Structure formats: C-alpha cells, structure tokens
Amino acid sequence: DTQEMGSHMPSSANSSNIQGYGNSLLANKLTEMYNTLTDVELKQVIKQVDVNYVKRYTDQTVYTTNAYLFAPSFAEIGCINDSSYEATLMSEGVKFDYFLEGMESDACERRSSFMSTSWWTRSIAPITDTSFYNVNSGGGVWSERSYYPCSIVACFVVGNFNAVI
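Residues numbered from 1 in each chain as written. Predicted model: local features only at pLDDT ≥ 70, side-chain atom pairs only at ≥ 80, totals over all residues. Heavy atoms only, no water.

With respect to the overall build of the chain
Looking only at helices and strands, one finds four helices and eight strands in the chain. Tracing the chain from N to C terminus, the helices and strands come up as α-α-β-β-β-α-α-β-β-β-β-β. Considering only contacts in the chain between residues 6 or more positions apart, those separated by 24 or more positions represent 58%. Here the chain displays about 8,200 Å² of accessible surface, and carbon together with sulfur accounts for 50% of that area. (Helix = DSSP H or I, 4+ residues; strand = E, 2+ residues; numbered from the N terminus. Contact = heavy atoms within 4.5 Å. Areas by Shrake-Rupley, 256 points an atom, 1.4 Å probe, with all protein chains shown as cover.)

Take a look at the structure:
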C-alpha cells in the first residue's frame, strides 16, 4: 500500500499520540517518501535536520528526531496562543518565514493554500492521548484523533531555507 504526497493517512497506527511524532506513522511515512525520491539532485540538496516534538501534553519535555522530510509543527505554521501547553509547543520550532508577515488571518490563509483537505502537523493536541493537531481546509488548526485520515504536507530544508510541499 503506497501513500503518495497529499494522500490521506492516519498520523498514528495505534490511535495514540503517547510516543509523539518521532515514532508516528506520519514520521515513518515521510522517511519512506524521502528514501524513495527518484530526483537525485533534489535528494542531494535536502539537509537532514533535528526535528523537535513533544510526546505528551502532561510531559512537557521536548524530544528530537533526525529527518530529511518532516511534518510542520504547530509553531512553524504560525499558531500563537498564550496557554501554558501551547507555549511548550512553541519549542517544537520557529515560525517559517512564509507565516511571519501579516496578521494571524494571513497565516491562516497561507495554511489553507497548501491543500483543499485537512493535513497533519507533528504537534500533539492536549485534549486526549489520541489527538494530534491538524490544519483544516480553511487554514484553521484543530485537534483530531490520530486514527482519522488527513493529508501529508512535507517540509524540508535546503541551505538556510525551509520549504513546504
């Protein structure tokens, strides 16, 4: 069963977010996608980077995994909130330049331009031990049970630039 870019898949095979992004079906799928890239020139310029993630909302420790392709985090796509848990999620990454300009509504519009369907972030949602944040077709950020299918948005770093496909 092959999942192509933009196809729907759950973020976690076991319906849990307890292990966070690093051991998720989503992270494994993005690694597989990189490994099967046929564009050798592109593959040579994509950098392997440290990707921060939180495993559980009750444990605010930030963990790291290495990746060439990775799902964007809550922080990287321009989500800002003052709650203590969401402040912890801000440690998962720095807002991408694409989302820096303008108001929150501008970032929301930019998020919606990626796909006409919902897509996963790597950030777990604090609602239950089964939810990750996703972005809906309107660019809003919601929590969704990890076994629901959503699309994949892959991020990568080339030189000093972040890219999202």
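After presenting the structure, the write-up continues.
Side note on helix α1 (residues 25–35)
Among all positions in α1, only Leu26, Ala27, Lys29, Leu30, Met33 and Tyr34 are buried. For α1, the angular spread of buried residues about the axis comes to 160 degrees, placing them on one side. Where α1 is buried, its residues meet α2 (40–45), β1 (46–47) and β4 (119–124). (Buried < 20%, exposed > 50% of the residue type's maximum accessible area, 1.4 Å probe, protein only. Arc of directions from axis to C-beta.)

Quick notes on the nonpolar core
Grouped together as the largest cluster of nonpolar side chains are 36 residues, with contacts concentrated most on Tyr21, Leu26, Leu30, Val51, Leu69, Phe70 and Ile77. Taken together, the elements giving at least two residues each to this core come down to α1, β2 (49–56), β4, β5 (131–135) and β7 (155–158). Ranked by residues supplied to this core, first place goes to α1 with five residues. Dropping the residues within four chain positions of it, valine 51 is found in contact with Tyr21, Tyr63, Thr64, Thr65, Ala67, Phe70 and Arg122. (Core = buried A, V, L, I, M, F, W, Y, C linked by side-chain atoms within 4.5 Å.)

Observations regarding the sheet that holds β5
Within the open sheet, the three strands sit side by side as β4-β5-β6. Their pairing is antiparallel. With one partner strand each, in any of the chains shown, β4 and β6 (141–145) form the two edges of the open sheet. Each strand axis lies, on average, 45 degrees off the axis of its neighbour in the sheet, ignoring direction. Judged from the five bridges that link them, β5 and β6 form a sheet pairing that is antiparallel. (Pairing = 2+ DSSP bridges. Axes fitted to C-alpha atoms, helices over the stretch in contact; angles between N-to-C directions.)

Observations regarding the confidence of the model for the chain
Counting all residues, the mean pLDDT for the chain is 76, and 73% of those residues have values of 70 or more. Of all helices and strands in the chain, the one with the weakest mean pLDDT is strand β8 (residues 161–164) (60), whereas β1 scores best (91). Counting interchain partners and residues more than four positions distant, the pLDDT-below-50 stretch residues 1–6 has eleven contacts. (pLDDT = per-residue confidence, 0-100.)

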